[in-house]
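Residue-level structure breakdown
Below, each chain spelled out in residue letters.
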Amino acid sequence: MTVSRVPTGRQILRVFSSTWQLKPPTLVISVHGSYANLKKRFNFTMKKGLWKTMESVGCWIIGDALDRGIGKIAGEAVAEYVEAYGGDKMLAIGVTPMNSLKFKHLFNTNASIIYYPSEEDETLTDPSMTLVQKYCSKRFHIDKNYNYLVMVSTPSCSGKQKNQHGPSTKSQTRMIVENEHVIETRVAVERMVIGWRTVGVLPLFLSTK
């Protein structure tokens, strides 16, 4: 599912229930994190906690589905739990910022199946870039452990707006707009899922910044 504006709850529900044929979860875990490289001990402790929580049948984890940070650990926890115990009731749902993806051009198609490369493709940066520009240039792979994705594509600014600011200011403005759009879309998705049926909600806000 790809969106360029924040979808309504009805639109999200139609995709989840009709297109993806999903059933309402009994528990939702929302994970938030950063780009930090996390220590193995932290990874194991977090996975262990998630595995214990996943004993509730029909558990969904909602993350950003990027191959880094807290979201990656959560995706691995789902995949390892399903591999060990079987079943398809444990799902990882991603609300993914397309502008942060490597190979995002592959999604500009109506094809039902997309081959997404797994090899590393390091993003080259210009040494003269500001910190904001380097941040905006970072790209990540999709985490293969996520089952379903809501791809958030931010519309570009109008030409008039682009000419009003310098490169650094435009980069900061674009980053703010993109982040707000992803957050609003994720809130809409989580609100729909929570209201789909009376479910238990366990927000897990972890920041390693």
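Per chain, residues are indexed from 1 in the order of the written sequence. Predicted model: local features are reported for residues with pLDDT of at least 70 only, side-chain atom pairs are reported and counted for 80 or more only, and whole-chain, interface and lining totals are derived from all residues. Heavy atoms throughout the structure, all of them, feed into the side-chain values; hydrogens and water do not.

Focus: the confidence of the model for the chain
Confidence along the chain averages 77 in pLDDT terms, with 71% of residues attaining 70 or more. Below pLDDT 50 for its whole length, residues 121–125 participates in eight contacts with residues either more than four positions away or in separate chains. Low pLDDT, under 50, characterises residues 158–163; the predicted model gives this stretch two contacts beyond four residues in sequence or across chains. Note on scores: pLDDT gives the predictor's confidence for each residue, bounded by 0 and 100. In what follows, residue pairs with any heavy atoms lying within 4.5 Å of each other are defined as contacts.

Some remarks on the nonpolar core
By nonpolar core is meant a set of buried Ala, Val, Leu, Ile, Met, Phe, Trp, Tyr and Cys residues that side-chain atoms within 4.5 Å join together. Burial status follows relative accessibility: with a 1.4 Å probe on protein chains alone, a residue under 20% of its type maximum counts as buried, one over 50% as exposed, and anything between as partly exposed. Among the nonpolar cores identified, the biggest contains 28 residues, and Leu50, Met54 and Ile61 are the most heavily contacted of them. Secondary structure elements are taken from DSSP: a helix is a run of H or I of four residues or more, a strand is a run of E of two residues or more, and numbering for both begins at the N terminus. The greatest single-element share of this core, amounting to six residues, is contributed by helix H3 (residues 69–85). Setting aside chain neighbours within four positions, we find Ile61 in contact with Ile29, Val31, Leu50, Met54, Ala74, Val78, Leu91, Ala92 and Ile93. If you look at the next biggest cluster of nonpolar residues, it comprises 19 residues, including Val3, Leu22, Trp60 and Val193.

Some points on the pattern of salt bridges
Oppositely charged side chains may form a pair once their charged atoms are brought near each other. Salt-bridge detection follows one rule: a side-chain nitrogen of Lys or Arg within 4 Å of a carboxyl oxygen of Asp or Glu. Tallying each qualifying case throughout the model produces five salt bridges. Ionic pairing is found between Arg68 and Asp64, a salt bridge with its closest N-O pair at 2.9 Å. Considered together, Arg68 and Asp64 belong to a single accessibility category, that of buried residues. Several salt bridges converge on common partners, so that one network encompasses Lys47, Glu76 and Glu80.

Considerations on the packing of aromatic side chains
Here a pair means two rings of Phe, Tyr or Trp (six-membered ring of Trp) with centres within 6.5 Å. Their orientation is stacked below 30 degrees between planes, edge-to-face above 60, and tilted elsewhere. For the structure shown, the criterion picks out five aromatic pairs. Ring centres of Phe16 and Trp60 lie 5.9 Å apart, and the angle between their planes is 45°; this geometry places the pair in the tilted category. Of the two residues, Phe16 is situated in helix H1 (residues 9–19) and Trp60 in strand S3 (residues 59–63); the sequence distance between them amounts to 44 residues. Both residues of the pair, Phe16 and Trp60, count as buried. When the ring of Trp20 is compared with that of Tyr148, the centres are 4.9 Å apart and the planes differ by 35°; the resulting orientation is tilted. Linking Trp20 in the loop between H1 and strand S2 (27–32) with Tyr148 in strand S5 (residues 148–152), this pair joins segments that are 128 residues apart in sequence. Residue classification places Trp20 among the buried residues on the basis of a relative accessible area of 15%.

Comments concerning the side chain of Asn145
Relative to the assigned elements, Asn145 resides in the loop between helix H4 (131–137) and S5. Relative accessible area serves as the criterion here: at 17%, Asn145 is assigned to the buried category. Apart from the residues within four sequence positions on either side, Asn145 is in contact with Gly75, Glu76, Ala79 and Ala92.

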